[in-house]
Amino acid sequence: LAVLLLAGSLALAQEPPVAETITFVVSTGFWEEQAEDGAEDAAAAKPETAEAKAPAALRRGYYKLIAVRQPDGTAQVHLQQIEATANGPKIASSTVLEEFSAMKPYVTDIRPENSSGITTQPGLFATVYLKTDPKAAEPESWTVLIDDLGEIKIERATN
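Keep in mind that this is a model prediction, so the values were computed, not measured.

A. The side chain of T74, seen in detail. Along the chain, T74 turns up in the loop between strand 2 (58-69) and strand 3 (75-85). For T74, a relative accessible area of 6% gives the class buried. Only 2.6 Å separates the side chain of T74 from the side chain of D72, close enough to count as a polar contact. Aside from chain neighbours lying at most four places away, what touches T74 is V68, R69, K104, P105 and Y106.

Next comes the structure, spelled out in structure tokens:
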């Protein structure tokens, strides 16, 4: 039994670590878009046949907001689109949200609109809690909204 436990702990130690600079990660919302496929372009160049056309493939996935601590203690907030593929999750796009970087924030939390994991509309709604002065008593709340067309809005939350 001790040998099995030791072997299991060695296997865990060999996995690549998650960066210690990541302070918050939220996966929420969803997106979908038509797959861009060269086969569809080739099929479009051929004349139509009597055969039924196959429905266009959709790429689907979810969003991640990630707060990454910088050497000066402030944070960068990254937005990723994660594609759900047959081989598992794959990063479809990743960008730093410059609106947050310009503030040099100290991120204290990131929360999704709801924690049930069920979203009926495409897009994302999350709240980023941050301080621009680390000595401030209360954090400010900022919303990150991505609508069903993929437009991103970042604004101070209003209650």
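B. Inspection of the sheet that holds strand 8 (residues 152-156) at higher detail. Strand order across the open sheet formed by 4 strands is 5-6-7-8, with antiparallel pairing between neighbours. With one partner strand each, in any of the chains shown, strand 5 (106-112) and strand 8 form the two edges of the open sheet. Neighbour to neighbour, the strand axes of the sheet diverge by 20 degrees on average, direction disregarded. As judged from the 6 bridges shared by strand 5 and strand 6 (residues 124-131), these two strands associate in the antiparallel manner. What sits directly across from I110, in strand 6, is V128.

C. How the structure looks around the nonpolar core. Within the largest apolar cluster, 20 residues are counted, with the highest numbers of intra-cluster contacts made by L65, L97, F100, V107, I110, V128 and V144. Within the residue set of this core, elements represented by two or more residues are strand 1 (22-34), strand 2, strand 3, strand 5, strand 6 and strand 7 (140-146). When residues in this core are grouped by element, the largest group, 4 residues, is from strand 6. For L97, the contacting residues outside a window of four places in its chain are L65, V77, L79, V144 and I154.

D. Structural detail: the sheet that holds strand 2. Overall, antiparallel pairing links the 4 strands, which are arranged 1-2-3-4 in an open sheet. Of all the strands in the sheet, just strand 1 and strand 4 (88-96) have a single pairing partner and so form its edges. If you compare each strand with its neighbour and ignore which way they point, the axes differ by 25 degrees on average. Relative to strand 3, strand 2 runs antiparallel, the two sharing 9 bridges. When the bridges of strand 3 are listed, I66 appears paired with H78.

E. The packing of aromatic side chains, seen in detail. Under the criterion given, the structure shown has 0 aromatic pairs. Between R111 and the ring centre of Y129, over which it is positioned, the NZ or CZ distance is 5.1 Å.

F. Expanded view of a nonpolar patch on the surface. A cluster of nonpolar residues, V18, I22 and V25, forms a patch on the protein surface that exposes about 260 Å² of accessible area. In this structure, V25 sits in strand 1.

G. Local environment of the environment of G73. Assignment of secondary structure puts G73 in the loop between strand 2 and strand 3. Through-space distance from the C-alpha of G73 to that of T21 is 9.8 Å; in sequence the pair is 52 residues apart.

H. Representation of the confidence of the model for the chain in the model. In the predicted model, the chain carries a mean pLDDT of 83, and the fraction of residues at 70 or more is 76%. Ignoring residues within four places in sequence, the model shows residues 38-47, a span with pLDDT below 50, making 3 contacts including any to other chains.

Thresholds applied
- Residues numbered from 1 in each chain as written.
- Predicted model: local features only at pLDDT ≥ 70, side-chain atom pairs only at ≥ 80, totals over all residues.
- Heavy atoms only, no water.
- Helix = DSSP H or I, 4+ residues; strand = E, 2+ residues; numbered from the N terminus.
- Buried < 20%, exposed > 50% of the residue type's maximum accessible area, 1.4 Å probe, protein only.
- Polar contact = N/O pair within 3.5 Å; in protein donor to acceptor, adjacent residues only side chain to side chain.
- Contact = heavy atoms within 4.5 Å.
- Pairing = 2+ DSSP bridges.
- Axes fitted to C-alpha atoms, helices over the stretch in contact; angles between N-to-C directions.
- Core = buried A, V, L, I, M, F, W, Y, C linked by side-chain atoms within 4.5 Å.
- Phe/Tyr/Trp six-rings, centres within 6.5 Å; stacked < 30°, edge-to-face > 60°.
- Lys NZ or Arg CZ within 6 Å of the ring centre and 35° of its normal.
- Patch = residues over 30% accessible without salt bridge, like charges linked within 9 Å, V, L, I, M, F, W, Y side chains within 5 Å.
- Areas by Shrake-Rupley, 256 points an atom, 1.4 Å probe, with all protein chains shown as cover.
- Salt bridge = Lys/Arg side-chain N within 4 Å of Asp/Glu carboxyl O.
- pLDDT = per-residue confidence, 0-100.

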